[in-house]
Amino acid sequence: MLEEFKKYFWIAKAISRLALSTQKEVVVRFLTAKKKYLPDGKTKAHVDDILKCALCPNMCRFDCPVLQAAKSETYAPAGRARIAYLLEMGRVSSQDAVDLMYACAACSACQQWCPFDFSVDDLLIGVRRDLVDRNLAPEMLMGIRDQIVNSHTIYQNSRTSLGLEPREADILYVAGCTVLNKERVIAQTTMKILEKVGIAVTTLPEEWCCGAPLNLLGFENDFKEFAARNADIIEKSGCKKMICSCPECVYTFKDVYAEAGFPVKADVMHTSEYFLELIEQGKIQLKELNKDLVYHDPCVLARKLHIIEQPRRVLEAIPGVSVREPPLTREHTRCCGIGGLLAMTNPELSVTLLRARDSELCELADTVVTACPACKIAFKRTRNSESRDLSEIVFESMNQ
Ligand code: SF4
Ligand code: SF4
């Protein structure tokens, strides 16, 4: 309070020099001005924060991959915030303005520079919730919502389990929709690693999507239903520890569920953290593997979960493996183009992002290793060489 007072003391001094009637007018204006710029009704978006972002000097623009791909200031983080503000105030309602609210990779690169610690994708979630409430969400996104709500996963003709019988175990493995439907090898190698070191692990009879796409797209009520169901079924599994291969699932189960009022009653870990724990306990024995790799930090793993060292330490523990670092690495990593459902909402931008990141990695090694099934899939699309998950490298090394 004293600090606040000191900060604004110069204003008080300046006002005190004015005539008494003017002083009163200035104080009233100072206290009410902000209201003029905020919407009258209630919104789900934090318009006050969006306004700060819209008026900011915008240093984050140099790190936003979507702006770099789109080459238009409208796509700058603050550009999107300005349009978001106008949408919230009801001053624009064009389809282009609405579509812009989804042209974000949810990569949080902007947050690295932000004086307010904003990630624009977090600000946009509230805007999208308001668009859903106003029936302005694009038709295509309603289709994605219906697919998830009806099939419990984002993929069509989908699978929602690994087909294993639940059993008594200390560890619950939740694969996530992408692993179950597109990268089952990640689940298979993870289960084999744990079996090989004698850890009893179980799976859910039917996995529902963690709900991250529903949350990202602003379908708040549907997301809450998924969160309530999943938190309940995880608790009923009786496992006190739960591991997932997908960073987005870990972030959603661990942080977003808690914020939404459905905390998961288990210690949620990413596989890279758990593998490191097992290596340090001497349970996972790694053998020589002569490989040159480049490690790609998945945005959510590095920037939302701050899991940066663990996957590196796992790779460094493998004799013979040499790990290269791309120029944009760790918390300054660059999105693979799949983040924030960009591949669905704006495929062209997504491919441009992917090509940019892939060419940076290709220069360093033939094999890119990552710790996210979506990133692995992305790099498989453009790479002529290998794209592997951390679990596959660990398993390969154990079986030398
Ligand atoms: S995200 Fe932060 S740094 Fe970027 S424009 Fe918005 S307020 Fe400014
Ligand atoms: S989250 Fe990523 S894509 Fe979205 S505005 Fe921030 S830097 Fe740009």
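As the structure is a computational prediction, the values presented were derived from the model and not from experiment.

## Observations concerning the overall build of the protein
Working step 1: Within the protein one finds 21 helices and eight strands.
Working step 2: For the protein, the C-alpha atoms occupy an extent of roughly 85 × 45 × 45 Å along the three principal directions.
Working step 3: Buried positions account for 54% of the 400 residues belonging to the protein.
Working step 4: Split by element, the accessible area of the protein, about 18,900 Å² in all, is 52% carbon and sulfur.
Working step 5: Within the protein, the 53 negative side-chain charges are centred at a point lying 4 Å from the centre of the 51 positive side-chain charges.

## Here we look at a nonpolar patch on the surface
Working step 1: Nonpolar side chains collect at one region of the surface, where L2, F5 and F9 lie side by side and expose about 330 Å² of accessible area between them.
Working step 2: Tracing the backbone through its elements, the reader meets F9 in helix α2 (residues 9-16).

## A few points about the sheet that holds strand β3 (residues 241-244)
Working step 1: Strand order in the open sheet formed by four strands is β2-β1-β3-β4, and the pairing between neighbours is parallel. The outermost strands of the open sheet, each flanked by one partner alone, are β2 (201-202) and β4 (267-270).
Working step 2: Sheet topology note: the strand β1 (residues 171-174)/β3 ladder contains four bridges and is parallel. Looking at β3, one finds that Y173 is bridged to I243.
Working step 3: Helix α11 (residues 184-196) rests against β1, β2 and β3 of the sheet, and its axis sits at about 165° to β1.

## Quick look at the site of ligand 1
Working step 1: Near ligand 1 you find C53, C56, N58, C60, A78, C114, P115, F116, F118 and V120, and these make up its full shell.
Working step 2: For the shell around ligand 1, the per-class residue count stands at nine nonpolar, one polar and no charged.

## As for the site of ligand 2
Working step 1: Taken together, 14 residues lie around ligand 2, and C64, C104, A105, C107 and C110 are the ones closest in.
Working step 2: Its residues assigned to classes, the shell around ligand 2 comprises eleven nonpolar, one polar and two charged.

## Description of the nonpolar core
Working step 1: If you look at the biggest cluster of nonpolar residues, it comprises 102 residues, and the most contacted ones within it are M101, Y173, M242, F253, I284 and V394.
Working step 2: The biggest single contributor to this core is helix α14 (residues 247-260), with six residues.
Working step 3: Once residues lying within four places of it in the same chain are set aside, the contact partners of I284 are I193, V197, F275, L278, I279, V394 and M398.
Working step 4: Membership of the second largest hydrophobic core comes to 14 residues, among which are C64, A109, C299 and L353.

## Comments concerning the sheet that holds strand β6 (residues 321-324)
Working step 1: Taken together, the four strands give an open sheet; going across it, the order is β6-β5-β7-β8, and neighbouring strands pair in parallel fashion. Of all strands in the sheet, those bounded by a partner on one side alone are β6 and β8 (386-389). Looking at each pair of strands side by side, their axes are set apart by 35° on average, direction ignored.
Working step 2: In this structure, strand β5 (residues 291-295) lies alongside β6, joined through four bridges in parallel fashion. Across the sheet, L293 pairs through a bridge with V323, a residue of β6.
Working step 3: Across the sheet, helix α21 (residues 390-398) is in contact with β5, β7 (367-370) and β8; its angle to β8 comes to roughly 85°.

## A few points about the domain arrangement of the protein
Working step 1: Parsing the protein into structural domains produces domain 1 (16-137), domain 2 (171-276) and domain 3 (281-398).
Working step 2: With centres defined by C-alpha atoms, the gap from domain 2 to domain 3 works out at 20 Å.
Working step 3: Contact residues are listed per partner, giving 27 residues for domain 2 and 28 residues for domain 3.
Working step 4: Buried area between domain 2 and domain 3, both sides added, is near 2,500 Å², and the carbon and sulfur share of it is 80%.
Working step 5: Our count for the domain 2 to domain 3 interface comes out at two salt bridges.

The rules behind each value
Residues numbered from 1 in each chain as written. Chains lettered and ligands numbered in written order. Predicted model: local features only at pLDDT ≥ 70, side-chain atom pairs only at ≥ 80, totals over all residues. Heavy atoms only, no water. Helix = DSSP H or I, 4+ residues; strand = E, 2+ residues; numbered from the N terminus. Buried < 20%, exposed > 50% of the residue type's maximum accessible area, 1.4 Å probe, protein only. Areas by Shrake-Rupley, 256 points an atom, 1.4 Å probe, with all protein chains shown as cover. Lys, Arg positive; Asp, Glu negative; His and termini not counted. Charge placed at Lys NZ, Arg CZ, Asp CG, Glu CD. Patch = residues over 30% accessible without salt bridge, like charges linked within 9 Å, V, L, I, M, F, W, Y side chains within 5 Å. Salt bridge = Lys/Arg side-chain N within 4 Å of Asp/Glu carboxyl O. Pairing = 2+ DSSP bridges. Contact = heavy atoms within 4.5 Å. Axes fitted to C-alpha atoms, helices over the stretch in contact; angles between N-to-C directions. Near = heavy atom within 4 Å. Nonpolar A, V, L, I, M, F, W, Y, C, P; charged D, E, K, R; others polar. Core = buried A, V, L, I, M, F, W, Y, C linked by side-chain atoms within 4.5 Å. Domains from an automatic or database assignment. Buried area = accessible area lost by both parts, 1.4 Å probe.

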